[in-house]
Amino acid sequence: MGKREGFASSFGVLVAMAGSAVGLGNLWRFPYLVGTNGGAAFIIIYLACVLVLALPILYSEFIIGRRSQSNVFGAYKKLAPDSKWCNVGFIYVLCSITIISFYSVVGGWTIDYFVKAATFQFSSASADQLSGMFANTVTSTASPLVYMLVFLGITALIVLAGVKNGIEKYSKIMMPLLFILVIVIAIRSVTLENSYAGIEFLFKPDFSKITAQTFLDALGQAFFSLSVGSGSILTYASYVSRKENIVKLSAQTAISDTMFAIVAGVAIMPAVFAFGISPSEGPGLVFVTLPYIFNQLPFGSFLAVLFFFALFIAAITSSISMLEVIVAYLDEEFKLKRRTSIVLSLILIATLGVFCSLSQGIMSDVKILGNSIFDLFDKSSANIMLPLGGLIAVIFVGWRMKKAEYADEITSGGLVKFSKTTVGIFYFFIKYIAPVVIATIVIRSLF
Ligand code: PHE
């Protein structure tokens, strides 16, 4: 996407926004967090976090980005000149670097599994064999690094080439396809023998298992999944035309993302129980369970190839939105050429990614604050940096911007009609509810 070039159509914006939101967060991270946090109760808290916290941040980032038409530093500089606000841009850049570093490792696993599917490596494997296969895949030294670099390389090429011609075209086909595939898997999953326990796990809440950590995980996952708090939405919004209805776009993004997550849960959990896999298996959950389901489906091998390809596309459309945050910042603030910004970002991300990847295998003994490097990057970004980035956005819109500016932006300068009450309700959530609740959850769980 050329600088300040902008999206061509409303549909293009939606594809890009939903593309950023829907990714490994929905199909890989959400199911395993549901598994480790006890199921239905987690999902309920997650949904509440999406509605009450993530959505107001989505609006706020949209407002800041579109109004300023600038990167994460430039935006705050333009909207709050002669203040120190622009320094918050640093948090977004840091957060994007942290996420993309471990995200590309998992992106690499999806390419690896695509290759495995295409070469029939998991046809007729047992659950134990599939567990072993996943462990081998991620703990090896060289191959995950190669796949990670391939993933990063493709991300970079797309960011270089522009979103319009490459990724938009692909996403328009692949995202609906992925959704259909996940529905097919979900249908198979709930019709497996002994899948009922999985359905209960998903829909019958047991609130006795909830701790402060559950809230923090749900909050972090809601932000991670909707891509809020990292500046991705802000940066994309800076390419959105003044005419677009940003409230509608935000709502559509949130709805598609949430639907994907729920269907992914239904696709995976019943099968997990039916196959006797432990729901708290962790990051391997999807990679172990899905190949097993494909083995139980007609044309399973073919569907597996399609699925892992579509998952890879979903991951790429998310990773480009992270890289765009960093590249737009370097381009605009340091007047670098786009190519130079991309190369510099890649060197840094790839270096960090190497450590994330090796921390699954030969560096698994290295622990920082009790976490492997991979887990540290994952948890610190989702549970601390994203909430912080989101908090900053809502505080800025609620407390620093004038209410008239906010209303002007929400209504696209009067083009989109909302009643005063609707505008007021959104504002109330942005100004009071979101900041107070986010701060409370983060502070309570940290101390
Ligand atoms: N939302 C993406 C996903 O679910 C991940 C992401 C996080 C993308 C933060 C951009 C910014 O996979």
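Above this text you will find the structure in question.
Source: prediction; values computed, not measured. (Residues numbered from 1 in each chain as written. Predicted model: local features only at pLDDT ≥ 70, side-chain atom pairs only at ≥ 80, totals over all residues. Heavy atoms only, no water.)

Visitor: So what about the overall build of the protein? Which residues, and what values?
Guide: In terms of helices and strands, the protein carries 18 helices and zero strands. A compact globule built from 447 residues should have a C-alpha radius of gyration of about 22 Å, and the protein, at 21 Å, falls within 12% of that. The dimensions of the protein, computed from C-alpha atoms along their principal axes, are 60 × 50 × 40 Å. Relative to its 447 residues, the protein shows a buried fraction of 60%. By sequence separation, contacts in the protein at least 24 residues apart represent 83% of the contacts at least 6 residues apart. (Helix = DSSP H or I, 4+ residues; strand = E, 2+ residues; numbered from the N terminus. Rg over C-alpha atoms; globule rule 2.2 N^0.38 Å. Buried < 20%, exposed > 50% of the residue type's maximum accessible area, 1.4 Å probe, protein only. Contact = heavy atoms within 4.5 Å.)

Visitor: Explain the packing of aromatic side chains to me, using residue names and the numbers behind them.
Guide: The full count for this structure, using the stated rule, is 35 aromatic pairs. Aromatic pair Phe151 and Phe312: ring centres 6.2 Å apart, planes at 75°, arrangement edge-to-face. Here the residue Phe151 occupies a position in helix H7 (residues 142-161), and Phe312 occupies one in helix H14 (residues 300-334), the gap between them amounting to 161 residues. Phe312 gets classed as buried once you look at its relative accessible area, which sits at 12%. For the pair Tyr406 and Tyr427, a centre-to-centre distance of 4.7 Å together with 40° between the ring planes defines the contact as tilted. (Phe/Tyr/Trp six-rings, centres within 6.5 Å; stacked < 30°, edge-to-face > 60°.)

Visitor: Describe the side chain of Arg29, with residues and values.
Guide: Residue placement: Arg29 occurs in helix H2 (residues 24-36). Exposure remark for Arg29: the relative accessible area of 3% places this residue in the buried category.

Visitor: So what's going on with helix H15 (residues 338-358)? Residues and values would help.
Guide: Since the α-helix packs 3.6 residues into each turn, any two residues three or four apart lie on the same face. Given a rise of 1.5 Å per residue, 21 residues ought to cover 30 Å, and the 30 Å separating the end C-alpha atoms of H15 matches this to within 8%. Buried residues of H15: Arg338, Ser341, Ile342, Ser345, Ile349, Ala350, Gly353, Cys356, Ser357 and Leu358, and no others. Lining the buried residues of H15 we find helix H5 (89-118), helix H6 (127-139), H7, H14 and helix H16 (373-400). (Expected span 1.5 Å × (residues − 1).)

Visitor: Could you give an account of the environment of Ile173, naming the residues involved and the relevant values?
Guide: Here Ile173 is to be found in helix H8 (residues 163-190). Separated by 137 residues in sequence, Ile173 and Ala310 have C-alpha atoms that sit 9.4 Å apart.

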